[in-house]
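The chain contents come next:
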Amino acid sequence: MTTSAEGPTPEPENQPALPAERWARMRAAATRVATGAYDANRHPTSVEMARRIRRVLPGDSGFGDPLSAAGRDGAGTIARIAGRLFDERPTATREVTLGGLQLWHALRERAGRGVGEHEVTIVFTDLVGFSNWAMRAGDEEALRLLRRVAAATEPEVVAHRGAVVKRLGDGMMAVFPSPQLALDAVAACLEGVGRIEVGGWRTRLRVGVHTGHPRRIGDDYLGMDVNIAARLGEKAGAGEILISEATRAGLDPARVATRPKRTFRLGGVKGVPDDVVVHVATPHRR
């Protein structure tokens, strides 16, 4: 209470809080807000709502999983970084972040700058009779053979501007920027593998080739075009190269001879559309 000429003056009822008390109240309020946001971010309802939004957005709603984030493109790299910023428990924040990357990835594809729009030539190889021989020869001999086959084939893929997508036991899947580069590499692979002999067994390679626009997911390719190339590889004979019409159209006739594989016209092959015309390719020796 203070005094004046008119007499004592009462003190105001609401004294300003001391700075320490004010900061304590602010910290407590901020903690409540943060706790509420933390709980809401991890609540199953919030996570499910964010996932539903992702399902209606353009692009792959599973973008950010190990398969799609394995790629070397910008979106895949950022997805891997984003994945490390969150723990394993699902959160709405994680879904929103990956949803933004998913949308960006889809827009890049539509603009023609992302993956999935480029034409590639897909090659599948396989060693004829390998499984039966390996059962008789044993693991050591089989491993020695596979190493020699890899040494004879994979450098040729790289030398012809291709890339090994994955190894498939006794075979591989590779992609090339053009049909001619693919056939040049295949010819070199057939020649190199044909010289390999392990345990008295001489290897024979069979090959399927198709050109199309497969969808790239991470470092892998998926879609009907991949399926066609794989089926052609399965149906090829020992030392035979089966190619689709799409691949044949991109070849130099002076370097590769082709003839129709007429048996494919008599009956369909599972996984290969009926309108796919198949040819046997024979690269000319240089």
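Just above sits the structure.
The structure presented is a predicted model; accordingly, all values stated were derived computationally and were not measured. (Residues numbered from 1 in each chain as written. Predicted model: local features only at pLDDT ≥ 70, side-chain atom pairs only at ≥ 80, totals over all residues. Heavy atoms only, no water.)

Visitor: Looking at this structure, how should I read the overall build of the protein?
Guide: Scanning the protein from N- to C-terminus turns up 10 helices and 13 strands. A burial count over the protein gives 39% of its 286 residues as buried. The contacts of the protein with a sequence gap of at least 6 include a subset with a gap of at least 24, amounting to 67%. (Helix = DSSP H or I, 4+ residues; strand = E, 2+ residues; numbered from the N terminus. Buried < 20%, exposed > 50% of the residue type's maximum accessible area, 1.4 Å probe, protein only. Contact = heavy atoms within 4.5 Å.)

Visitor: Please clarify how the nonpolar core should be interpreted in this entry.
Guide: Here is a general trend for soluble globular proteins: nonpolar side chains tend to be buried in one another's company. One finds Phe-130, Trp-133, Leu-145, Leu-183, Val-207 and Ile-241 to be the most contacted residues of the largest nonpolar core, which totals 31 residues. Here this core gets seven residues from one element, more than from any other, and that element is helix α7 (residues 179–194). Residues within four places of Ile-241 in sequence aside, it is in contact with Leu-183, Val-186, Leu-190, Val-207, Val-209, His-279, Val-280, Ala-281 and Pro-283. One finds Val-120, Met-173, Val-175 and Val-226 within the second-largest nonpolar core, a separate group that totals 10 residues. (Core = buried A, V, L, I, M, F, W, Y, C linked by side-chain atoms within 4.5 Å.)

Visitor: Please explain the sheet that holds strand β5 (residues 171–176) as it appears in this structure.
Guide: Whenever strands of a sheet pair, they do so through backbone hydrogen bonds, lying parallel or antiparallel. With respect to topology, seven strands assemble into an open sheet ordered β4-β5-β3-β8-β11-β13-β12, the strand pairing being mixed. Both edges of this open sheet fall to β4 (163–168) and β12 (256–260), since each of them pairs with a single strand only. The sheet shows a mean angle of 25° between the axes of neighbouring strands, direction not considered. Two strands pair when backbone bridges link them, and β4 and β5 are joined in this way by five bridges, in the antiparallel orientation. Its bridge partner lying in β5, Lys-166 is registered against Met-173. The sheet strands contacting helix α6 (residues 139–159) are β3 (120–127), β4 and β5, and the helix crosses β5 at an angle near 5°. Its contacts with the sheet place helix α8 (residues 224–235) against β3, β5, β8 (205–212), β11 (241–244) and β13 (278–283), and it is angled at close to 155° to β8. (Pairing = 2+ DSSP bridges. Axes fitted to C-alpha atoms, helices over the stretch in contact; angles between N-to-C directions.)

Visitor: In this structure, what is going on with the pattern of salt bridges? I would like to understand it.
Guide: Pairing between side chains of opposite charge can happen when their charged atoms approach one another. Enumeration over the complete set of coordinates arrives at 12 salt bridges. A salt bridge links Asp-126 to Arg-206, with the shortest nitrogen-to-oxygen separation between them at 2.7 Å. In this pair, Asp-126 is assigned in strand β3 and Arg-206 in strand β8, connecting sequence segments 80 residues apart. (Salt bridge = Lys/Arg side-chain N within 4 Å of Asp/Glu carboxyl O.)

Visitor: Explain the packing of aromatic side chains here, please?
Guide: What describes a pair of aromatic rings is the distance from one ring centre to the other and the angle between the planes of the rings. Scanning all chains against the criterion turns up two aromatic pairs. Through pairs of rings, three or more aromatic residues link up here, namely Phe-130, Trp-133 and Trp-201. (Phe/Tyr/Trp six-rings, centres within 6.5 Å; stacked < 30°, edge-to-face > 60°.)

Visitor: When you look at the pairing of β5 in this model, what are you seeing that I'm missing?
Guide: Remark: a regular strand shows side chains that alternate across the two faces of the sheet. Counting buried positions along β5 gives six out of six residues, so the element sits mostly inside the fold. Burial along β5 is two-sided: Gly-171, Met-173 and Val-175 and Met-172, Ala-174 and Phe-176, pointing in opposite directions, are all buried. The sheet contact formed by β3 and β5 spans five bridges and is antiparallel. When the sheet's bridge partners are listed, Thr-121 is paired in β5 with Phe-176. Following β4, the chain reverses through two residues before pairing antiparallel with β5; Gly-169 in that reversal takes a positive phi of roughly 70°.

Visitor: Looking at this structure, I do not really get the packing of helix α5 (residues 130–137) against α6. What am I missing?
Guide: When two helices pack together, their arrangement is given by the angle between their axes and by how far apart the axes lie. Look at α5 against α6: their axes get within 7 Å of each other, and the N-to-C directions meet at 135°. By the angle class used here, α5 and α6 are oblique. Contacts from Phe-130, Trp-133, Ala-134 and Ala-137 in α5 reach Glu-141, Ala-142, Leu-145 and Leu-146 in α6. For the contact of α5 with α6, the per-class residue count stands at seven nonpolar, no polar and one charged. (Parallel < 35°, antiparallel > 145°, perpendicular 65-115°, else oblique. Nonpolar A, V, L, I, M, F, W, Y, C, P; charged D, E, K, R; others polar.)

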